[in-house]
Amino acid sequence: MPRVELPPDFLARMQHLLGAEYSSFLACYQEPPVAGLRVNTLKLSIEAWRALSPYTLSPVPWCPSGFTVDPSLDQSDLSSSPGKHPFHAAGLYYLQDPSAMAAAELLNPLPGERVLDLAAAPGGKTTHLAALMRGSGWLVANEIHPQRVWDLAENLERCGVCNATVLNESPSRLMQHFGTYFDRVLLDAPCSGEGMFRKSPTARQEWKPTLVQSCAMRQGEILSSAARLVRPGGTLAYTTCTFAPDENEAQLDRFLTTHPEFSLVPLPARNNMRPARADWVEPLSAHPLEGALRLWPHHLRGEGHFVALLHKSPSSEEQANRLAPFKIRPPDASALKLFAAFWQEILTLPFPENLHQAGSYVYQLPRAMPALEGLRQIHPGWWLGVIKTGRFEPSHALALGLSAQAAWRSINLAPDDPAVLAYLRGNSLSIPGETGWVLICVGGYPIGWGKRSQGVVKNAYPHGLRWMS
Ligand code: SAM
């Protein structure tokens, strides 16, 4: 019997599809979910992480920055839980199912490209794309859900992503605005979430056959917007974390039939990944769907994923769209003076270019960004801080996007120093030194700002992120 209760209709379908493999598929539900961690190479190298890591890690074969975390870890002990370690608050890693790490690796965005993550929250794959882009190019992280988009913004901030725009839009409005524009588009589609069954009771409770049908319909609609957003010669990645053929192979089959400008990129089924199953499409597909991949929980260490790469013909009749440039509004003279005074006093870095002021917020924008008028923007670029009466207040996003060496004044604490926990809980610290803003670091990596006066560092860690225990 599985450790978790699974929907009978789901089990009946999987038994029918998997035949002799079904018993090993079912057996994996007796195991706990696989815990994965992806090193944020925007902040440190994999070697540097290995030297620092308090965890027993095993490499994820398909992702050089990915690791599984030793299952013997006692998750109830806060100090040992990777989500409750100060290095997590410093954005040194992202906790992610190893099978979800395949998507960005296979899409393989390059520095300098225009990349769109169409359904991005909470940001697992976006932060991975950002790391592969190495801070160069333009990454658009879009999430339709008005609350989830803030989780996305928070994770991008924690991971120090500085070349992204965060939007809260529907795929069809993005399609109308940009037309054919992006070198690479990722659609990690909203799905019936069968690959979440081991770790999410909600996914198990909410599942029903009609959910699969409604997800498939919605995916088809989003896919047609996604297709248009890819420039000729560009690439679209379609992924889900579900096993239902209707949301995977059958979706791909319909897409290839209705979008002859796309062809499926054949992906090698390495590391125990399996080719997609054209024979699960009814009526039988005419397309070589085996080029897509399935990651199964009974064949590898991960919860399960489907990944397909689709290449848009360079001779497609469409042209890559030329959009008007973003109307940059440099900070006004008084704001610029306050910002420059802060920058020169606190930071060792050259003065930033491409500064943009939106209300009282100051941003650095990615280079060569197009106009975004009419789109709901959460952050157009790297949020640097806020102009207040007579002063500039640096943002948490600025602290987390810097290296420790970027600040003239910093306090570096060891991860096990009780002052770290005190800081993350929002308390002031008694540490003598120069008056003014100071970058607080753990093990050599920034976790936020403090403002010191008379030996007391007032806490500027954002209220919404403060640790309760
Ligand atoms: N890529 C994310 C990650 O790796 O962290 C996970 C994305 S999740 C599988 C799918 C997302 O699609 C959800 O955040 C959901 O809010 C969003 N979504 C739901 N309906 C949508 C729609 N009609 N169009 C676009 N996105 C939608």
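First, a word on what this report is: a plain description of the structure on this page. For clarity, every value in this text was computed on a predicted model and none was experimentally measured.

Rules used throughout
Residues numbered from 1 in each chain as written. Predicted model: local features only at pLDDT ≥ 70, side-chain atom pairs only at ≥ 80, totals over all residues. Heavy atoms only, no water. Pairing = 2+ DSSP bridges. Helix = DSSP H or I, 4+ residues; strand = E, 2+ residues; numbered from the N terminus. Axes fitted to C-alpha atoms, helices over the stretch in contact; angles between N-to-C directions. Contact = heavy atoms within 4.5 Å. Near = heavy atom within 4 Å. Polar contact = N/O pair within 3.5 Å; in protein donor to acceptor, adjacent residues only side chain to side chain. Areas by Shrake-Rupley, 256 points an atom, 1.4 Å probe, with all protein chains shown as cover. Nonpolar A, V, L, I, M, F, W, Y, C, P; charged D, E, K, R; others polar. Salt bridge = Lys/Arg side-chain N within 4 Å of Asp/Glu carboxyl O. Buried < 20%, exposed > 50% of the residue type's maximum accessible area, 1.4 Å probe, protein only. 1 Å grid on protein atoms, 1.4 Å probe; cavity = no way out; pocket = protein on both sides within 12 Å on 5 of 7 lines; lining within 4 Å. Points joined across faces, edges and corners; volume = space filled by probe spheres on them. Core = buried A, V, L, I, M, F, W, Y, C linked by side-chain atoms within 4.5 Å. Phe/Tyr/Trp six-rings, centres within 6.5 Å; stacked < 30°, edge-to-face > 60°. Lys NZ or Arg CZ within 6 Å of the ring centre and 35° of its normal.

**Comments concerning the sheet that holds strand β1 (residues 36-39)**
Strand pairing within a sheet occurs via backbone hydrogen bonds; the two strands may be parallel or antiparallel.
Logical step 1: Taken in spatial order, the 4 strands make up an open sheet running β2-β3-β1-β4, and their pairing is antiparallel. Since the sheet does not close on itself, it has two edges, and those belong to β2 (57-60) and β4 (93-95), each with one partner. Neighbour-to-neighbour, the strand axes of this sheet turn through a mean angle of 35°, independent of strand direction.
Logical step 2: Across 3 bridges, β1 lies against strand β3 (residues 63-69) in antiparallel orientation. The partner of Gly36 across the bridge, within β3, is Thr68.
Logical step 3: Strands in contact with helix α6 (residues 124-133) are β1, β3 and β4; relative to β1, the strand with the most contacts, it is inclined by about 30°.

**Overview of the site of the ligand**
Logical step 1: Within the structure, the ligand sits among 17 residues, and Ala121, Gly124, Glu143, Arg148 and Asp188 are positioned closest to it.
Logical step 2: Within the backbone of Gly123, one N or O atom sits 3.2 Å away from an oxygen atom of the ligand.
Logical step 3: At 3.4 Å, a side-chain N or O of Arg218 approaches a nitrogen atom of the ligand.
Logical step 4: In the complex, 83% of the free accessible area of the ligand, which totals 600 Å², lies under the protein chains.
Logical step 5: Of all the secondary-structure elements, those providing two or more residues to the shell around the ligand are α6 and α10 (209-229).
Logical step 6: Classifying every residue of the shell around the ligand by side-chain character gives 9 nonpolar, 3 polar and 5 charged.

**Focus: the environment of Gly448**
Logical step 1: Of note, Gly448 is situated in strand β22 (residues 445-453).
Logical step 2: Note: C-alpha distance between Gly448 and Asn427 (21 residues apart in sequence) is 13 Å.
Logical step 3: Ignoring anything within four residues of it in the chain, the contact list for Gly448 reads His396, Ala399, Leu400, Tyr423, Val438, Leu439 and Ile440.

**Regarding the pairing of strand β15 (residues 361-364)**
Logical step 1: Summarising the sheet, strand β14 (residues 355-358) and β15 pair through 4 bridges and their orientation is antiparallel. Residue His356 lies in a different strand from β15, and its bridge partner there is Tyr363.
Logical step 2: Here β14 folds back onto β15, and the loop between the two strands holds 2 residues, one of which, Gly359, carries a positive phi near 65°.
Logical step 3: Where β15 lies against strand β17 (residues 382-388), 4 bridges are found, and the strand directions are antiparallel. Across the sheet, the residue bridging to Tyr363 is Trp383, located in β17.

**Some points on the pattern of salt bridges**
Logical step 1: Following the criterion strictly, the structure yields 14 salt bridges and no others.
Logical step 2: A salt bridge links Arg173 to Glu169; its shortest N-O distance comes to 2.7 Å.
Logical step 3: For Arg173, a relative accessible area of 35% gives the class partly exposed.
Logical step 4: Between Arg376 and Glu169 there is a salt bridge; the shortest N-O distance is 3.9 Å. Here Arg376, found in the loop between β15 and β16 (377-379), pairs with Glu169, found in the loop between β7 (164-167) and α8 (171-178); they are 207 residues apart in sequence, far enough to count as distant.

**Quick notes on empty space enclosed by the protein**
Logical step 1: By the definition in use, this model includes 1 cavity of 30 Å³ or more.
Logical step 2: Considered as a void within the structure, the largest cavity measures approximately 140 Å³ in volume.
Logical step 3: In terms of lining residues, the largest cavity is bounded by Ala153, Leu156, Glu157, Gly160, Val161, Ala164, Val166, His379, Gly381, Trp382, Trp383 and Ala397.
Logical step 4: Only α7 (148-158), β7 and β17 provide two or more residues apiece to the lining of the largest cavity.
Logical step 5: Among the elements that take part in the lining of the largest cavity, α7 stands out by supplying 3 residues, more than any other.
Logical step 6: Its residues assigned to classes, the lining of the largest cavity comprises 8 nonpolar, 3 polar and 1 charged.

**Observations concerning the nonpolar core**
Note that soluble globular proteins tend to have their nonpolar side chains buried in a common cluster.
Logical step 1: Counting residues in hydrophobic clusters, the biggest one holds 67 residues, and the most contacted among them are Phe178, Phe182, Leu236, Leu252, Leu310 and Trp449.
Logical step 2: Ignoring any residue separated from it by four or fewer positions in sequence, one finds Leu236 in contact with Val185, Leu223, Ala226, Ala227, Val230, Phe255, Phe262, Ala308, Leu309 and Leu310.
Logical step 3: In this structure, Trp62, Ala153, Val166 and Ala237 belong to the second largest nonpolar core, which totals 35 residues.

**A word on the packing of aromatic side chains**
Logical step 1: Tallying each qualifying case throughout the model produces 27 aromatic pairs.
Logical step 2: Pairing Phe10 with Phe25 gives two aromatic rings, centres 6.2 Å apart and planes at 55°, and the pair type is tilted. Taken together, the positions of Phe10 in helix α1 (residues 8-18) and Phe25 in helix α2 (residues 22-27) put the pair 15 residues apart, joining distant regions of the chain.
Logical step 3: Since its relative accessible area comes to 0%, Phe10 is described here as buried.
Logical step 4: For the ring pair Phe243 and Trp296, a centre distance of 5.1 Å and an interplane angle of 15° mean the geometry is stacked. With Phe243 in the loop between β9 (230-240) and α11 (249-258) and Trp296 in the loop between β12 (293-295) and β13 (305-312), the pair connects residues that are 53 residues apart, well separated along the chain. Trp296 carries the same exposure label as Phe243, and that label is buried.
Logical step 5: Counting every residue linked through ring pairs, the aromatic cluster contains Phe10, Phe25, Tyr29, Phe197, Trp207, Phe243, Trp280 and Trp296.
Logical step 6: Taking NZ or CZ as reference, Lys84 lies 4.8 Å from the ring centre of Trp467, over its face.
Logical step 7: Over the ring of Tyr181 we find Arg114; its NZ or CZ atom is 3.8 Å from the centre of that ring.

**Observations regarding the sheet that holds β17**
Logical step 1: Sheet architecture is open: 4 strands sit in the order β14-β15-β17-β18, paired in antiparallel fashion. Of all the strands in the sheet, just β14 and β18 (391-394) have a single pairing partner and so form its edges. Between one strand and the next, the sheet's axes are offset by a mean angle of 30°, whatever the strand orientation.
Logical step 2: Against the sheet, helix α12 (residues 333-346) makes contact with β14, β15, β17 and β18, and its axis sits at roughly 55° relative to β18, the strand it touches most.

**Some words on the pairing of strand β5 (residues 114-117)**
Logical step 1: Where β5 lies against strand β6 (residues 138-142), 4 bridges are found, and the strand directions are parallel. Bridged to Leu116 within β6 is Val140.
Logical step 2: Here 3 bridges tie β5 to strand β8 (residues 182-188), and the two strands are oriented parallel to one another. Bridge pairing in β8 links Val115 to Arg184.

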